Every structure is written in structure tokens, then in C-alpha cells.
Amino acid sequence: MSRDNFTKPTIKKLAERAHYICSNPECKKMTVGPHADPNKSTITGIAAHICGAKDGVKSPRYDKDQTSDERKGINNGIWLCHDCSDMVDKDEKCYPATLLRQWKKTHEEFIKTLQTKGFASTLELLKPTTIEIDLSKQLINFFDDRRVLYDLFEQEIPLHGLRSVLAIRTELTNIKKQLGQATSLYIKVDQMLAACRKFHSELNDIDLDHLRYNNSDPDWIKFVTTLSELRKVFGIHILELSNKYKIQIGTDLQQILPTIT
Ligand SMILES: [Zn+2]
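Residues numbered from 1 in each chain as written. Predicted model: local features only at pLDDT ≥ 70, side-chain atom pairs only at ≥ 80, totals over all residues.

1. As for the pairing of strand β4 (residues 77-81)
Condition: Buried, partly exposed and exposed are defined by the number of other C-beta atoms within 10 Å of a residue's own C-beta, namely 20 or more, between the two limits, and 12 or fewer respectively, with C-beta atoms placed from the backbone. A helix here means a DSSP run of H or I that spans at least four residues, while a strand means a run of E at least two residues long, and both kinds are numbered starting from the N terminus. Should DSSP find at least two bridges between two strands, the strands are taken to pair.
Most of β4 sits out of view: five of its five residues are buried. Of the two faces of β4, the one carrying Gly77, Trp79 and Cys81 and the one carrying Ile78 and Leu80 are both buried. One ladder, built from five bridges, connects strand β3 (residues 45-49) with β4; its direction is antiparallel. If you follow alanine 48 over to β4, its bridge partner there is isoleucine 78.

2. Section: the packing of helix α7 (residues 158-177) against helix α8 (residues 184-202)
Our working definition: Between the N-to-C directions of two axes lies an angle of 0 to 180 degrees, each axis being a line fitted to C-alpha atoms and, for a helix, fitted only over the stretch in contact. Any angle from 65 to 115 degrees is called roughly perpendicular, while one under 35 is roughly parallel, one over 145 is roughly antiparallel, and all others are oblique. Two helices cross in a left-handed way if the nearer one is turned anticlockwise from the farther one by less than a right angle. They cross in a right-handed way if the turn is clockwise. Placing C-beta atoms from the backbone, we regard two residues as in contact once those atoms come within 7 Å. Only Asp, Glu, Lys and Arg are considered charged in this grouping, and only Ala, Val, Leu, Ile, Met, Phe, Trp, Tyr, Cys and Pro are considered nonpolar; every other residue, Gly among them, is considered polar.
Viewed as axis vectors pointing N to C, α7 and α8 meet at an angle of 155 degrees, and their least axial separation amounts to 10 Å. The angle between α7 and α8 places the two elements in the roughly antiparallel class. For α7 against α8, the interelement crossing comes out left-handed. Within the contact between the two elements, α7 uses Val165, Ile168, Arg169, Leu172, Thr173, Ile175 and Lys176 and α8 uses Tyr186, Val189, Asp190, Met192, Leu193, Cys196 and Phe199. Each residue belonging to the contact of α7 with α8 can be placed in one class, and the counts come to 10 nonpolar, one polar and three charged.

3. Observations concerning α7
Residues three or four positions apart in an α-helix share a direction because the helix packs 3.6 residues into each turn. Using the following cut-off: One less than the number of residues in a helix, times 1.5 Å, gives the span that helix is expected to have. Working definition: the arc comes from the directions between the helix axis and the C-beta atoms, pointing outward to the latter.
Helix length check: α7, at 20 residues, gives a terminal C-alpha distance of 29 Å against a target of 28 Å (1.5 Å per residue), a fit within 8%. Within α7 the residues assigned to the buried category are Pro158, Gly161, Val165, Ile168, Leu172 and Ile175. Projected onto a plane normal to the axis of α7, the buried residues spread over an arc of 90 degrees and lie on a single side. The exposed set on the far side of α7, more than 90 degrees from its buried face, consists of Leu166, Thr170 and Thr173. Contacts from the buried residues of α7 go to α6 (131-144), α8 and α9 (218-245).

4. Considering unusual backbone geometry
In this structure, lysine 28 takes a positive phi of about 55 degrees despite not being glycine. Relative to the assigned elements, lysine 28 resides in the loop between α1 (8-17) and β1 (32-34). The phi dihedral of lysine 246 falls on the positive side, at around 55 degrees, and the residue is not glycine.

5. A word on the nonpolar core
Put simply, the rule is: In this description, a nonpolar core means buried residues of the types Ala, Val, Leu, Ile, Met, Phe, Trp, Tyr and Cys, linked to one another by C-beta atoms lying within 7 Å. Residue ranges assigned to each domain were obtained from an automatic or database domain assignment.
Counting residues in hydrophobic clusters, the biggest one holds 47 residues, and the most contacted among them are Ile78, Leu80, Leu100 and Phe234. Counting only elements with at least two residues in this core, the list comes to β3, β4, α3 (82-90), α4 (97-116), α6, α7, α8 and α9. The biggest single contributor to this core is α9, with six residues. Inspection of this core shows a minimum of three residues originating in each of domain 1 (8-125) and domain 2 (131-254). Beyond its immediate stretch of four places on either side in the chain, leucine 100 contacts Ile50, Ile78, Val88 and Tyr95.

6. A short note on α8
For α8, with 19 residues, the first-to-last C-alpha span of 27 Å sits near the 27 Å given by 1.5 Å per residue. In this structure, the buried side of α8 is in contact with α6, α7 and α9.

7. Digging into the environment of leucine 139
By secondary structure assignment, the location of leucine 139 is in helix α6. Taking the C-beta count within 10 Å as the criterion, leucine 139 has 23 such neighbours and is therefore assigned buried. In this structure the C-alpha to C-alpha distance between leucine 139 and proline 218, which are 79 residues apart in sequence, comes to 33 Å.

8. Comments concerning the domain arrangement of the protein
Assigned domains within the protein: domain 1 (8-125) and domain 2 (131-254). Between domain 1 and domain 2, the residue contacts involve nine residues of the former and eight residues of the latter. Residues that form the side of domain 1 that touches domain 2 fall into these classes: five nonpolar, three polar and one charged.

9. A short note on the environment of aspartate 205
Its place among the elements puts aspartate 205 in the loop between α8 and α9. Here the alpha-carbon distance between aspartate 205 and aspartate 134, two residues 71 residues apart in the chain, equals 38 Å.

10. Brief notes about the environment of tryptophan 79
One can find tryptophan 79 in strand β4. C-beta crowding within 10 Å serves as the criterion here: with 28 such atoms nearby, tryptophan 79 is assigned to the buried category. The spacing of tryptophan 79 and glutamate 26 is 53 residues in sequence and 14 Å in space, taken between C-alpha atoms. If we skip the residues at most four places from it in the chain, tryptophan 79 touches Leu14, Ala15, Ala18, Ser23, Gly45 and Ala47.

Below you can see the structure in the form of C-alpha cells.
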């Protein structure tokens, strides 16, 4: 079976769209420069396949459902330096297709911004950024609007709370798909997902439809305790992300952050 290689025009377009800069947000190495021969240039980047070019062991992220045209189409390519291309192919679990697509999207947006900015802004933008920062911001913005995480327990309608935790689960799952397994955000997202699962299983046998604020109802007490545990786990991770990436947290959400003594 032959490899579905990119055509020369596809390779050139991929390189140009990336400005010949490696699309790994933590790398951004320049991949073109002068050759000793004044008539030549040296290209050290590569048009890498997001989903492998050929069925077989040495074709990471191979997708059998792709057609040959899709496999060699520009949408299946990403511009990387040689080191990064090697790295993503040696560990496909750590670098799934979803992550590479996210790199490409972010990188092309970054290049587009560079095109419109002056020198000073360009230098600022060239500082290493990671996909983790963007996704952490997205996550905290999302949490800022989730009242189940911070509203007074007395105001909680358990069924609404349950639905809101379901929505949080969906968002966390989406974010998880875009991350490599070795990243610290992936581990945090995984732990928050586990907290959501625990929340659901603990409340499984309670009739949430009719449960309302009542401090002498054991079911209500269980609901409050379970929700407190969920908030505690989220509070720890939100505080760490906010400190690490200097992300602002809304005043409501700040209530669940652990207090540092
Ligand atoms: Zn690179």
C-alpha cells in the first residue's frame, strides 16, 4: 500500500500558512533560513501528517476512515520542525490528532495576528505560549458562570445543580480531548471529571426532583455534603490554574477557593 504523501504545492501552502515556524506552541522554531550558497535557502521544517499517511505500525494516528484524498489533503497536514515532528510520531498517545489540530488552528491564528502587528507586539507574541493557558482561561471563564459551584446551598435547586454539573462534565471532556496526556492541565481536568462522576453516583438514589432546602432532611444533608466535596476539588484546581497562568477569577467563584493559612 502506498503512502498518501502531500503534493509539493500542499507542502508549500502549509509552510507559508505557518510562516515556516513550527506549529508546536511550546516550540515555535524558525524552519527556514539562508544556505551557505547565496543562491539557496535551507528548510528544516516538515509537512507532517496529522493522521498517518499509510496503514501500518510506523504511521501514527492512522485513520482508516479517511479517503486517500483526505489523507493527503492540506487539512490533514501540520507544519512542524524536525524535532517536533519526530516527537509527535514517537508518542501518539501524548500527541493525538485532536491536539495537533488545535496546535495548527492556534498557530495559524497567531500568524494572522503577527501579520497585522508591529515589531513590539510581535516580540510579545513570540514569547512561548501553550495551549494549556488558552484552555485554562476558557475553563475558568466557563466556571465563572456556573452557579452550582458557588451559590448558597439554600438557593440550590438540586435538579438544576445536577444538570449544571452535567454541563461542566461535557465542557471538561471537550477540553480533555485537546490536551496531551502528559500535560498538567490534562491531569487536573481528569481529577475534576472524577469529582463530577462521584457527585452523580453519590446522589443516584436520591429523589432530586422533589428535594428542597431542609436542614433536617438526611437527603438534603447528603446533597449539601456531596456538593461541598465537589466544590472543594474544583476550588483547589481553579486556584492553582489561576496562580500558574495569572487568570482572573470572578468574585462569586472566588468563594470556593481554599483559604491559604
Ligand atoms: Zn518544533
